[in-house]
Amino acid sequence: MSKHGANKLTAHDLFADYLARDHVKNAFADYIDAPVALCDTTIQDPAIQQFLLLCESGAPMPSFTQMNGVWRILEAMEVAVIGGASAEATAREAAVRLTAIFATEERNPCGGPVVA
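Residues numbered from 1 in each chain as written. Predicted model: local features only at pLDDT ≥ 70, side-chain atom pairs only at ≥ 80, totals over all residues. Heavy atoms only, no water.

Caption draft 1: Layout of the environment of Ala87. Mapped onto the elements, Ala87 comes out in helix H6 (residues 87-101). Assessed through its relative accessible area of 48%, Ala87 is described here as partly exposed. Sequence spacing of Ala87 and Met77 is 10 residues, and the spatial spacing of their C-alpha atoms is 8.7 Å. (Helix = DSSP H or I, 4+ residues; strand = E, 2+ residues; numbered from the N terminus. Buried < 20%, exposed > 50% of the residue type's maximum accessible area, 1.4 Å probe, protein only.)

Caption draft 2: The arrangement of the side chain of Thr90 in detail. Assignment of secondary structure puts Thr90 in helix H6. On the basis of relative accessible area, Thr90 is assigned to the buried category, the value being 7%. Engagement of the side chain of Thr90 in a polar contact is seen with the backbone oxygen of Ser86, the distance being 2.6 Å. Non-local contacts of Thr90, meaning those with residues more than four positions away in its chain, are made with Met77, Ala80, Val81 and Ala85. (Polar contact = N/O pair within 3.5 Å; in protein donor to acceptor, adjacent residues only side chain to side chain. Contact = heavy atoms within 4.5 Å.)

The structure is reproduced here in structure tokens:
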């Protein structure tokens, strides 16, 4: 959904209302090769139960102001390595760019650079 889209009310209704109906989710489950979560089946599905246990025992992803910038840097570095760039040089460049994000205490409430 686009924040500035002309049809954002329609799109919101489509996602929040129509696609959340059980008969629609069942239809998707019949025709696509992707799991569709249904309230009544997730509780009984052992794979979903195992996944939930793993999620509960794991460490949450970091959430801080600079996180979007971190993901964009990591995304660019991954593309570079896949494209044939040197992994070592790319990792060093990522460290420099990440350090710049967290270089000052004003931009890093935790204090100091997090990448040495």
